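Secondary and tertiary structure notes
These are the residues of each chain, in order.
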Amino acid sequence: MAEGPSPAPQAALLAMEEHRTALTGHCYRMLGSIAEAEDAVQETFVRALGHLEHFEGRSSARTWLYRIATHRCIDVLQERAHRVRPMELGPPGPLDAPLGERPGEEWLEPVPDALVVPSHATPSELVMMRQSIRLAFVAALQHLPPRQRAALLLTEVLDWSAAEVADALELTVPAVNSALQRARATLATKDVSTPREPLSETQASLVDRYVDAFERYDMAALTALLHQEVNMSMPPLALWVRGPEQVALWMEGRGAACRGSRLVPVSANGAPAFGQYKPGGPDGTLTPWALNVLEIEGERIVGLNYFLDAKTLFPRFGLPPFLPAR
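Attention here is on the structure that accompanies the text. (Residues numbered from 1 in each chain as written. Predicted model: local features only at pLDDT ≥ 70, side-chain atom pairs only at ≥ 80, totals over all residues. Heavy atoms only, no water.)

On to the packing of helix 8 (residues 146–156) against helix 10 (residues 173–188), then. One way to put it is that helix 8 packs onto helix 10 with a least axis distance of 9 Å and a crossing angle of 95°. Regarding the angle of helix 8 to helix 10, the classification is roughly perpendicular. Contacts between helix 8 and helix 10 involve Gln 148, Ala 151, Leu 152, Thr 155 and Glu 156 from the first element and Ala 179, Leu 180, Arg 182, Ala 183, Arg 184 and Leu 187 from the second. Classifying every residue of the contact of helix 8 with helix 10 gives six nonpolar, two polar and three charged. (Axes fitted to C-alpha atoms, helices over the stretch in contact; angles between N-to-C directions. Helix = DSSP H or I, 4+ residues; strand = E, 2+ residues; numbered from the N terminus. Parallel < 35°, antiparallel > 145°, perpendicular 65-115°, else oblique. Contact = heavy atoms within 4.5 Å. Nonpolar A, V, L, I, M, F, W, Y, C, P; charged D, E, K, R; others polar.)

Applying the stated criterion to the full structure yields six aromatic pairs. Their ring planes at 40° and their centres at 6.2 Å tell us that Tyr 210 and Phe 274 sit as a pair that is tilted. Taken together, the positions of Tyr 210 in helix 11 (residues 201–216) and Phe 274 in strand 4 (residues 271–279) put the pair 64 residues apart, joining distant regions of the chain. Taking relative accessible area as the criterion, Tyr 210 reaches 0% and is therefore assigned buried. Residue class for Phe 274 comes out buried when judged on its relative accessible area of 6%. Here Phe 214 and Tyr 217 contribute two aromatic rings whose centre-to-centre distance is 6.0 Å and whose plane-to-plane angle is 75°, an arrangement assigned as edge-to-face. Tyr 217 carries the same exposure label as Phe 214, and that label is buried. In this structure an aromatic cluster arises from ring pairing among Tyr 210, Phe 214, Tyr 217, Phe 274 and Tyr 306. One cation-aromatic arrangement involves Lys 278 over Trp 289; the distance from NZ or CZ to the ring centre is 3.4 Å. (Phe/Tyr/Trp six-rings, centres within 6.5 Å; stacked < 30°, edge-to-face > 60°. Buried < 20%, exposed > 50% of the residue type's maximum accessible area, 1.4 Å probe, protein only. Lys NZ or Arg CZ within 6 Å of the ring centre and 35° of its normal.)

If you check helix 3 (residues 34–50), its first and last C-alpha atoms are 24 Å apart, about what 17 residues at 1.5 Å a residue would give, namely 24 Å. Taken as a whole, helix 3 has its buried residues at Ile 34, Glu 36, Ala 37, Ala 40, Val 41, Thr 44, Phe 45 and Ala 48. At the N-terminal end of helix 3, a side-chain oxygen is found 3.4 Å from the backbone nitrogen of Ala 35, two or three residues along, and the residue is Ser 33. (Expected span 1.5 Å × (residues − 1). Polar contact = N/O pair within 3.5 Å; in protein donor to acceptor, adjacent residues only side chain to side chain.)

Enumeration according to the criterion identifies 15 salt bridges in this entry. Between Glu 43 and Arg 47 there is a salt bridge, and its shortest N-O distance comes to 3.0 Å. Residue Glu 43 and its partner Arg 47 are both found in helix 3; the two are separated by four residues, about one turn of the helix. Classification of Glu 43 by relative accessible area gives partly exposed; the value is 29%. Residues Glu 295 and Arg 85 are paired through a salt bridge, measuring 2.7 Å at the closest nitrogen-oxygen approach. One end of the pair, Glu 295, is in strand 5 (residues 286–297); the other, Arg 85, is in the loop between helix 4 (61–77) and helix 5 (113–116), and 210 residues separate them in sequence. According to the relative accessible area criterion, Glu 295 is buried, its value standing at 15%. Look at Arg 85 and you get buried, because its relative accessible area is 10%. Connected via shared salt-bridge partners are Glu 36, Arg 80, Arg 83, Glu 109 and Arg 316. (Salt bridge = Lys/Arg side-chain N within 4 Å of Asp/Glu carboxyl O.)

Once that is clear, we can look at the side chain of Thr 44. By the secondary structure assignment, Thr 44 is in helix 3. Note on Thr 44: relative accessible area 1%, which makes it buried. Sequence-distant contacts of Thr 44, defined by excluding residues within four places in its chain, comprise Leu 65, Ile 68 and Ala 69.

Turning our attention to the pairing of strand 6 (residues 300–307). Along any regular strand the residues' side chains alternate between the sheet's two faces. Judged by how many residues are buried, strand 6 sits mostly within the fold: six of eight residues are covered. Across seven bridges, the pairing between strand 5 and strand 6 is antiparallel. From the neighbouring strand, Glu 295 faces strand 6, where its bridge partner is Gly 303. Between the end of strand 5 and the start of strand 6, which pair antiparallel, lie two residues, with Gly 298 showing a positive phi angle near 60°. (Pairing = 2+ DSSP bridges.)

Further remarks concern the nonpolar core. Formed by 70 residues in total, the largest nonpolar core has its most connected members in Tyr 28, Met 30, Leu 291 and Val 293. For Val 293, the residues in contact, after removing those within four places along its chain, are Pro 110, Leu 135, Ala 268, Ala 271, Pro 272, Ala 273, Gly 303, Leu 304, Asn 305 and Phe 307. Tyr 210, Leu 225, Met 234 and Trp 250 belong to the second-largest nonpolar core, a separate cluster that totals 31 residues. (Core = buried A, V, L, I, M, F, W, Y, C linked by side-chain atoms within 4.5 Å.)

Another aspect to go through is the environment of Arg 326. One can find Arg 326 in the segment after helix 14 (310–316). In sequence terms Arg 326 and Leu 294 are 32 residues apart; their C-alpha atoms lie 25 Å from each other. Look past the residues within four positions of Arg 326 in its chain and what remains in contact with it is Glu 215 and Arg 262.

Turning next to the sheet that holds strand 2 (residues 237–242). Taken in spatial order, the six strands of this open sheet run 2-1-6-5-4-3, and their pairing is mixed. Looking at strand neighbours, the two that pair on one side only are strand 2 and strand 3 (262–268), the edges of this open sheet. Between one strand axis and the next, the sheet turns by 20° as a mean value, whatever way the strands run. Relative to strand 5, strand 4 runs antiparallel, the two sharing seven bridges. The residue bridging Tyr 277 from the neighbouring strand is Pro 288, located in strand 5. Helix 11 contacts strand 3, strand 4, strand 5 and strand 6 of the sheet and is inclined by roughly 145° relative to strand 5.

This is the structure we're talking about:
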């Protein structure tokens, strides 16, 4: 019979598990993919268990794990192109343009808050962690070189000092400060709005009205909730549209099969989100169609993100495989 792990590795593994969610969040910010983030964390644990003899307690176990995870993410990033959103590939398209479906690994992925935001975090930590997984912010991070990305996240999300980051990334303190300066300059050129607090009562009401309008498929009511520069995207489709009028025309034209859909609330990327179920299943059931993530600024919706890989996303968000007929 195979023997189980020795007491020391077993205790170490239990200690590592306490950091899994926070580490997954860090790797998600680095990689823009929850699947890759979970793989990176698993590899981090494997490497850590294999090198317990080299951990001499000179830093906390948490710091040690983040160091391993960060280097693993840098290795991954050096082997592939950065992930994007449709809006980064070109201008909005005409409604009759080719859809331009592209491989899933090219796109920024949405993430369930529960997988990357530790439940034991303090209220101020929760605000920071949710802000730092916003779609716009994570998308902007993908334009930074790997070490700049790591330096920025370690300092601004984890509150490490430049000296701690230098030690983790095997750089000098001046090199870290230079990387931070360049990273912040790059982010300043991206569409990253001011970080938000949790939804206000007005914004929560806005979300409720969106759900009501979408399920009734009332485009006049829905477009009244949208900012004049709202973007609607549908990864893995490259086509995206801008503006309330274009959204309505799409919904009433090529997207008309979504009429009669129902929405089940979830939380993704620190934002309101919904599993969308579309009519057409056996015996009148509704089947998974898209994960809808809303981006809100002020009192209007500025982003409608419909992630169409329901087969992968719905199980990840704990959504049921179908909804019964009403």
